[in-house]
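Architecture at a glance
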Amino acid sequence: VVSDVCSDGDIATKYFTGEGTYLTVGGTVSMESFEGLAPGNGNSFTLPGFGVQIQSNANPAGRIRNTPNSGRYATDGQQYLEVNSNYGASTLTFNFGSPINSFGMDIVDWGDYSTGTLTFMNNQGDAFTVAVAPGGDNVKQFFGVVNSALQFTTVKFTATNNQGDYYAVDKVHYRDWE
């Protein structure tokens, strides 16, 4: 667990690399695993509660898959979101219809063919390095953020110098601001 401290000394933002600890601290969360979407290519996807946009030099930039592919696989159910950052930098943006204060997800097979970084930023300015390549083939990792002081509506992951790589996302957790 890594934390940012507010000016009054309280810890406002914590990020997590363990799903269990994140779920304990994050409270009751909603979870999306892309099971309701039809498999296929796309640069944007609409789900209950949020939309997803993927930007990269690849076309298509993303796809919903229902079978494992080159080290990428679902971590819940049969389907997952695949991000194609094969041609360098890419962004994966989640836009929520209602403010949230908690976000987490599984990331699979990131950085096994590259030397770049994957970073997180939300529209309140919380920013963290999520992963640094090289990573291993088939490796699943978790990343989550809880901000106890501020609500946010946008989460953006940026992959830099990710030449020749794809990664998968599944089990997206979020909690509406209360």
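Higher on the page you've got the structure.
Residues numbered from 1 in each chain as written. Predicted model: local features only at pLDDT ≥ 70, side-chain atom pairs only at ≥ 80, totals over all residues. Heavy atoms only, no water.

Tallying each qualifying case throughout the model produces 17 aromatic pairs. Consider the rings of phenylalanine 16 and tyrosine 22, whose centres lie 6.0 Å apart with planes at 70 degrees: the pair is edge-to-face. Aromatic ring contacts, followed pair by pair, group Tyr15, Phe50, Phe94, Phe96, Phe103, Phe120, Phe128, Phe143, Phe157 and Tyr174 into a single cluster. (Phe/Tyr/Trp six-rings, centres within 6.5 Å; stacked < 30°, edge-to-face > 60°.)

Inspection of the secondary structure puts tyrosine 113 in the loop between β9 (90-108) and β10 (117-122). Here tyrosine 113 falls in the exposed class, since its relative accessible area comes to 58%. Along the chain, tyrosine 113 and glycine 136 lie 23 residues apart, while their C-alpha atoms are 8.7 Å from each other. (Helix = DSSP H or I, 4+ residues; strand = E, 2+ residues; numbered from the N terminus. Buried < 20%, exposed > 50% of the residue type's maximum accessible area, 1.4 Å probe, protein only.)

Here the focus is the pairing of strand β11 (residues 127-132). Relative to β11, β10 runs antiparallel, the two sharing five bridges. When the sheet's bridge partners are listed, threonine 119 is paired in β11 with threonine 129. Between β10 and β11, which follow one another and run antiparallel, lie four residues, and glycine 125 among them has a positive phi close to 95 degrees. (Pairing = 2+ DSSP bridges.)

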